Amino acid sequence: MGDCKAINWQLICSREEFYSVRLFINFLCIIASSMETCPLIKNILLLDSEGNRVAVRYYSDDWPTNTAKFAFEKSVFTKTSKINARTEAEITMIDTYIIVYKCTQDLYFYVTGGDNENELILATVLQGFFDSVSLLLRDSVTKSAALENLDLIYCCIDEIVDGGIILETEAGVIAGKVASVSLESASSLTEQTIIQALTTAREHLTRSLLQ
């Protein structure tokens, strides 16, 4: 058998094992094909009022270097900083990317997708990000508060998107998970503040379920 160039799997495993392997391979192929139509997030950005980074996550190789990433962030901020997006999310396009964004006094929240992505889905991700951060920071959505709790911001992003795939968009669920993890790991927030954030997140989730 060692001289054979090809392996006949039916000769070295039982019929049941052979079909199990084949079914598993088919399952992987289905997953791979569905990934092509699954909404993908290119990046999530949180910038300050001067366009500087506060927290960012990239999920695409479209920007292979830090220089390319910084250039993209600068172009995004330059195009959006003059528009008032405090009350509701705004949408713009840069090159082949759809960008939805929202801002506070000194923070700008961005979610980027490809030009084939659904704008409403991107806006839902953005709103989940914005609202969960608001819950965790107890509505003090400022640059200083974000920098003091940067670990929570990154945990929040990671609860929303993983590898470009959307995991969760409900702010109460996201904030609750982040607050619970932070409480267990003794994060930079005081224990009392974390408990308050967790309580607020639970109340928000309860209200959303009752609506």
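About the thresholds
Residues numbered from 1 in each chain as written. Predicted model: local features only at pLDDT ≥ 70, side-chain atom pairs only at ≥ 80, totals over all residues. Heavy atoms only, no water. Phe/Tyr/Trp six-rings, centres within 6.5 Å; stacked < 30°, edge-to-face > 60°. Buried < 20%, exposed > 50% of the residue type's maximum accessible area, 1.4 Å probe, protein only. Lys NZ or Arg CZ within 6 Å of the ring centre and 35° of its normal. Helix = DSSP H or I, 4+ residues; strand = E, 2+ residues; numbered from the N terminus. Polar contact = N/O pair within 3.5 Å; in protein donor to acceptor, adjacent residues only side chain to side chain. Pairing = 2+ DSSP bridges. Salt bridge = Lys/Arg side-chain N within 4 Å of Asp/Glu carboxyl O. Axes fitted to C-alpha atoms, helices over the stretch in contact; angles between N-to-C directions. Contact = heavy atoms within 4.5 Å.

Chemist: Looking at this structure, how should I read the packing of aromatic side chains?
Modeler: How two aromatic rings sit relative to each other is given by the distance of their centres and the angle of their planes. A complete count under the given rule lists 9 aromatic pairs for this structure. Consider the rings of W63 and F72, whose centres lie 4.6 Å apart with planes at 50°: the pair is tilted. Here W63 matches F72 in class, with each residue buried. A ring pair is formed by Y108 and Y110, whose centres lie 6.3 Å apart and whose planes are at 15°; its orientation type is stacked. Its relative accessible area of 9% is what places Y108 among the buried residues. Connected via pairs of aromatic rings, a cluster forms that spans Y58, W63, F72 and Y97. The lysine or arginine in question, K102, covers the ring of F130, its NZ or CZ lying 4.5 Å from the ring centre.

Chemist: What am I meant to see in the side chain of S60 here?
Modeler: Tracing the backbone through its elements, the reader meets S60 in the loop between β2 (53-58) and α3 (66-80). Relative accessible area serves as the criterion here: at 13%, S60 is assigned to the buried category. One polar contact links S60 to D62, side chain to side chain, over a distance of 2.9 Å.

Chemist: Please explain the pairing of strand β3 (residues 90-94) as it appears in this structure.
Modeler: Within a regular beta strand, the side chains point alternately toward one face of the sheet and then the other, so they alternate between its two faces. Two strands pair when backbone bridges link them, and β3 and strand β4 (residues 97-103) are joined in this way by 5 bridges, in the antiparallel orientation. Its bridge partner being in β4, M93 is matched across the sheet by I98. As consecutive antiparallel partners, β3 and β4 are separated by 2 residues, and within that stretch D95 has a phi angle of approximately 55°, a positive value.

Chemist: Sorry, what's going on with the pattern of salt bridges here?
Modeler: Oppositely charged side chains can form a pair if their charged atoms are brought close together. Counted according to the given criterion, the structure contains 4 salt bridges. Two residues, D48 and K143, come together in a salt bridge whose shortest N-O distance is 2.9 Å. Linking D48 in strand β1 (residues 43-48) with K143 in helix α5 (residues 143-148), this pair joins segments that are 95 residues apart in sequence. Between D158 and R57 there is a salt bridge, with its nearest N and O atoms 2.9 Å apart. Of this pair, D158 sits in helix α6 (residues 150-160) while R57 sits in strand β2, and the two are 101 residues apart along the sequence.

Chemist: Any chance you could explain the sheet that holds β4 here in plain terms?
Modeler: Sheet strands associate in pairs through backbone hydrogen bonding, adopting either a parallel or an antiparallel arrangement. With antiparallel pairing, the 5 strands of this open sheet are ordered in space as β2-β1-β5-β4-β3. The sheet is open, and its two borders are formed by β2 and β3, each paired with just one other strand. Sheet twist, expressed as the average angle between the axes of neighbouring strands with direction ignored, equals 20°. Here helix α4 (residues 119-136) sits on the sheet and contacts β1, β3, β4 and β5 (107-114); the angle it forms with β4, its principal contact strand, is near 30°. Across the sheet, α6 lies against β1 and β2, angled at about 25° from β2, the strand it touches most.

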